[in-house]
Number of protein chains: 2
Amino acid sequence: MNRFYVTPDVFEKEVVTISGDDYKHLSKVLRLKEGEVIEVLNNNGLKALGEIIQIGDDGADVKLLEREEVKTENPYHVSLFQSYPKGSKLETVCQKMTENGVNTIIPFYSKRSVVKPSRKEFKKIDRLKKVVKSAGEQSGRGIIPTVESPVDFKTVLSKLSDYDLVLVAYESETGQTLKKTLNSLKHKPERIAIIIGPEGGFDPIEIEALKQNGAEIVSLGKRILRTETAGMVLLSQLNFFYE
Amino acid sequence: MNRFYVTPDVFEKEVVTISGDDYKHLSKVLRLKEGEVIEVLNNNGLKALGEIIQIGDDGADVKLLEREEVKTENPYHVSLFQSYPKGSKLETVCQKMTENGVNTIIPFYSKRSVVKPSRKEFKKIDRLKKVVKSAGEQSGRGIIPTVESPVDFKTVLSKLSDYDLVLVAYESETGQTLKKTLNSLKHKPERIAIIIGPEGGFDPIEIEALKQNGAEIVSLGKRILRTETAGMVLLSQLNFFYE
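Parameters and conventions
- Residues numbered from 1 in each chain as written.
- Chains lettered and ligands numbered in written order.
- Predicted model: local features only at pLDDT ≥ 70, side-chain atom pairs only at ≥ 80, totals over all residues.
- Heavy atoms only, no water.
- Contact = heavy atoms within 4.5 Å.
- Salt bridge = Lys/Arg side-chain N within 4 Å of Asp/Glu carboxyl O.
- Polar contact = N/O pair within 3.5 Å; in protein donor to acceptor, adjacent residues only side chain to side chain.
- Helix = DSSP H or I, 4+ residues; strand = E, 2+ residues; numbered from the N terminus.
- Nonpolar A, V, L, I, M, F, W, Y, C, P; charged D, E, K, R; others polar.
- Pairing = 2+ DSSP bridges.
- Axes fitted to C-alpha atoms, helices over the stretch in contact; angles between N-to-C directions.
- Expected span 1.5 Å × (residues − 1).
- Buried < 20%, exposed > 50% of the residue type's maximum accessible area, 1.4 Å probe, protein only.
- Domains from an automatic or database assignment.
- Buried area = accessible area lost by both parts, 1.4 Å probe.
- Least-squares fit on C-alpha atoms with pLDDT ≥ 70 in both.

(A) Representation of the interface of chain A and chain B in the model. If you look at the interface, chain A gives 37 residues, while chain B gives 37 residues. Remark: the boundary between chain A and chain B carries 4 salt bridges. Where chain A touches chain B, the interface holds 28 residue pairs in polar contact (both at pLDDT 80 or more). Residue contributions to the side of chain A that touches chain B peak at 10 residues, all from helix α8 (residues 227-242) of chain A. Class assignment for the residues of the side of chain A that touches chain B results in 11 nonpolar, 14 polar and 12 charged.

Structure, rendered in structure tokens:
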């Protein structure tokens with residue numbers, strides 16, 4: 001099923017118009033025709049089947065059928081704080097984390113980050129938003145995750161009080177396993193932050209600062225995971241635990 | 001720590017020589033010098049720290065220190081049967097599955113496979129072997145996974161009796177969750193097969209054939225995962241369960 005997002009106010013109409021890039025995708029890439037059925041989502045937890053009733057020169061009119069709730073969202077909010085990785089890895093991260101149910105992605109710079117803050121990295125955010133939207137459509141997300149502009153490590157620390165569970169993936173003998181950490185929680189968390197370090201790992205001073213801000217340091221098993229793999233493994237396992 | 005694999009017989013010597021592509025990587029890419037320490041693995045469960053004692057024109061001599069067991073392997077053998085995906089996705093699969101502890105990767109062609117068998121796909125196997133070796137070095141694997149040549153769906157079916165647990169990721173209302181499946185097992189499996197369908201999913205006839213060959217059909221949660229994501233999510237969760 002091909003999925004398209006519209007804004008919540010548009011979703012309230014009987015007939016909605018798919019325009020812009022989505023229109024091009026629908027008409028030129030997917031080559032959908034009048035009479036075909038798509039899924040339309042309001043990016044706020046509702047979806048509806050929609051019949052394409054007219055394809056014009058710059059928009060496609062879609063008649064929405066019965067609305068229903070989307071059941072693909074996790075029962076908790078997950079923010080990923082990802083240390084800015086090299087090359088196109090952040091695109092992989094955005095795509096895979098969206099498939100696994102992340103709500104917000106916040107890239108950040110830490111001491112050993114290979115990539116340093118520059119205008120180029122800020123510009124990339126638009127590209128990442130497109131990756132996230134496309135992954136949201138493909139995986140049937142009810143809400144498209146947001147991608148924020150890169151921040152520094154201090155800003156990450158200042159945001160942690162917004163979460164009732166903060167998990168830092170760290171390769172060391174000292175961190176306990178994710179399973180043990182989750183088993184020891186008294187309440188099911190509602191807002192979870194996942195923090196992933198750069199290619200060279202966190203500096204011990206940073207780990208100390210994270211701990212002082214309430215973070216749980218967890219190990220993800222026996223092997224050393226790449227920075228772009230750690231987040232998706234952690235979130236997959238978290239989802240499995242709370243399933 | 002930089003890791004290099006040698007064959008088990010070479011590993012028995014006091015001084016081993018790193019040659020070929022590994023030598024180029026050690027001397028030209030990493031620019032390691034005499035006196036520096038690396039980790040040498042025998043690709044059979046043993047490792048040792050090694051001091052570089054001489055860098056020649058076509059090989060580096062490394063003196064091995066105390067041998068010890070590698071503790072990064074899973075307590076079960078995992079084979080991934082991956083329906084041949086488009087583009088470079090199989091490289092991603094090979095890399096991520098190696099990080100997560102897979103032992104063997106077997107690409108196959110099924111009814112809805114987008115990529116059809118051709119000489120090109122067979123040639124790609126050499127490239128995939130390099131990806132797997134590099135991911136093994138990076139993640140500290142004790143044994144480098146093997147990558148087999150693509151097979152047809154019938155061959156996949158004929159191999160399933162080698163496993164005591166066969167898991168097929170399938171998006172449908174009928175499959176029970178992975179968690180429920182694992183909880184219902186009476187014994188901890190020793191040989192596990194993970195089977196992932198193509199971009200368009202398995203044909204219901206294929207699912208029926210898999211079931212008749214003892215496969216468990218499992219759902220991986222609420223969202224639709226891409227073919228290159230499903231295997232790593234399944235293996236991450238399996239590792240978490242048996243941790």
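(B) Fine view of the sheet that holds strand β5 (residues 59-69) of chain A. Residues and elements named next belong to chain A. If you trace the 5 strands from one edge of the open sheet to the other, you get β1-β3-β4-β5-β2, paired in mixed fashion. In the strand order of this sheet, the two ends are held by β1 (3-5) and β2 (15-19), each with one partner. Neighbouring strand axes in the sheet, compared pairwise and without regard to direction, differ in orientation by 40 degrees on average. One ladder, built from 3 bridges, connects β1 with strand β3 (residues 37-41); its direction is parallel. Pairing of Tyr-5 across the sheet is with Leu-41, part of β3. Helix-sheet contacts for helix α2 (residues 20-29) involve β1, β2, β3, β4 (46-55) and β5, and the interaxial angle to β2 is about 90 degrees.

(C) Structural view of helix α8 (residues 227-242) of chain B. Helix length check: α8 of chain B (16 residues) gives 24 Å between terminal C-alpha atoms against 22 Å at 1.5 Å per residue, within 8%. Buried residues dominate α8 of chain B, accounting for 15 of its 16 residues.

(D) Molecular detail of the domain arrangement of chain A. Residues and elements named next belong to chain A. Along its sequence, chain A is carved into domain 1 (3-69) and domain 2 (77-242). Between the C-alpha centres of domain 1 and domain 2 the distance comes to 32 Å. In this assembly, 8 residues from domain 1 lie in contact with 10 residues from domain 2. Each partner contributes to the roughly 770 Å² buried at the junction of domain 1 and domain 2, and carbon and sulfur atoms together form 47% of this total. Taken as a group, Arg-3, Tyr-5 and Asn-43 account for 66% of the area that domain 1 buries against domain 2, more than any other trio of residues on that side. The interface formed by domain 1 and domain 2 includes 1 salt bridge.

(E) Region of the structure containing the relation of the copies chain A and chain B. Note on the copies: chain A fits chain B at an RMSD of 0.0 Å, the axial shift is 0.0 Å, and the rotation between them is 180 degrees. Within this description, the copies of the chain are treated as partners about a two-fold rotation axis. Scanning chain A for the C-alpha nearest the rotation axis identifies Gln-237 of chain A, at a separation of 2.7 Å. Interface residue correspondence from chain A to chain B reaches 100%, placing this contact among same-surface, isologous pairings.

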